[in-house]
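Chains, contacts and geometry: an overview
What follows is each chain in one-letter form.
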Amino acid sequence: MATTTMPTVDANAASAADQAAKKKRAKKVVADNTLYQGIEAVMPVVLRSSHAKGRHAVAARDLAAGTLVAVEKPVAAIVRNQSFVGLCHHCFGAVPMKTQTRPKVDKDGNAVAGQAERITVPAAACEKCKMAAYCSDKCRANHAVEHSVQCDALAQCNAIS
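For clarity, every value in this text was computed on a predicted model and none was experimentally measured. (Residues numbered from 1 in each chain as written. Predicted model: local features only at pLDDT ≥ 70, side-chain atom pairs only at ≥ 80, totals over all residues. Heavy atoms only, no water.)

What the protein contains, in helices and strands, is three helices and six strands. Secondary structure elements of the protein occur, N-terminal to C-terminal, as α-β-β-β-β-β-β-α-α. Looking at the protein as a whole, 16% of its 161 residues are labelled buried. Partitioning the contacts of the protein with sequence separation of at least 6, the portion at a separation of at least 24 is 33%. Per element, the accessible surface of the protein, about 13000 Å² overall, is 56% carbon and sulfur. (Helix = DSSP H or I, 4+ residues; strand = E, 2+ residues; numbered from the N terminus. Buried < 20%, exposed > 50% of the residue type's maximum accessible area, 1.4 Å probe, protein only. Contact = heavy atoms within 4.5 Å. Areas by Shrake-Rupley, 256 points an atom, 1.4 Å probe, with all protein chains shown as cover.)

Encoded structure:
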């Protein structure tokens, strides 16, 4: 009868590898902030670097409440479910609404003869998915490239809901 042996792990080798990885992370180079010298003349902050925090901004002086410290364009942004039709998907401003009339439907989705209902919808929305709301036709046009990536998926969600 043949016997098999399980491979063994050298505990010392594993812990040595862990320690080497920790040392490598600890030797992380602190950022060179010399490019940002003098920024405190324009902004009320000084850029610092540390191993614990990386590059970060620190107040250069006492700041009054509400002082603008930095402005940065987001890499990504979305409108959450609670505000999906109330906020513009491009500028995040308020979306003007309009009232439309549509045929009333029963619980099976069939139109009820002779009955209609009034609904409130965004004044400017995506014609294809009907889910992306905009405050104006200008915002809808400016957001067209970004929205085209998600429009088909939103249209499918709208169709099954």
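Here the narrative resumes, following the displayed structure.
Here we take up the pairing of strand β3 (residues 97-105). Bridge analysis of β3 against strand β4 (residues 111-122) gives eight bridges, and the strand direction is antiparallel. Looking across to β4, one finds that Thr101 is bridged to Arg118. The loop that links β3 with its antiparallel partner β4 comprises five residues; one of these, Gly109, has a positive phi angle of about 90 degrees. (Pairing = 2+ DSSP bridges.)

Once that is clear, we can look at the nonpolar core. Cys88, Cys126, Cys129, Ala132 and Tyr134 are the most contacted members of the largest nonpolar core, which has 13 residues in total. When residues of this core are traced back to their parent elements, those giving at least two are β6 (133-134) and α3 (144-160). Considering each element in turn, this core owes the most residues, three residues, to α3. With residues up to four places along the chain from it excluded, the contact list for Cys88 reads Val79, Gly93, Val95, Ala133, Tyr134, Cys135 and Cys139. (Core = buried A, V, L, I, M, F, W, Y, C linked by side-chain atoms within 4.5 Å.)

Turning our attention to the layout of surface pockets. Roughly 490 Å³ of volume is contained in the largest pocket. Around the largest pocket, the lining is made up of 15 residues, and of these Ala77, His89, Phe92, His143 and Glu146 lie nearest the centre. For the lining of the largest pocket, the class distribution of residues is nine nonpolar, four polar and two charged. A volume near 270 Å³ is recorded for the second largest pocket. Around the second largest pocket sit 13 residues that line it, and Gln100, Val121, Pro122, Ala125 and Lys130 are the ones nearest its centre. When the residues that make up the lining of the second largest pocket are grouped by side-chain class, the tally is seven nonpolar, one polar and five charged. (1 Å grid on protein atoms, 1.4 Å probe; cavity = no way out; pocket = protein on both sides within 12 Å on 5 of 7 lines; lining within 4 Å. Points joined across faces, edges and corners; volume = space filled by probe spheres on them. Nonpolar A, V, L, I, M, F, W, Y, C, P; charged D, E, K, R; others polar.)

Time to look at the state of the cysteines. A full pass over the atoms with the stated rule returns zero disulfides. Here Cys88 stays unpaired: no disulfide links it, and the sulfur of Cys91, its closest cysteine neighbor, is 3.8 Å away. The class of Cys88 is buried, set by a relative accessible area of 0%. Cys126 carries a free sulfur, and the closest cysteine sulfur to it, the one in Cys151, is 3.6 Å from it. You can call Cys126 buried: its relative accessible area is 10%. (Disulfide = S-S within 2.5 Å.)

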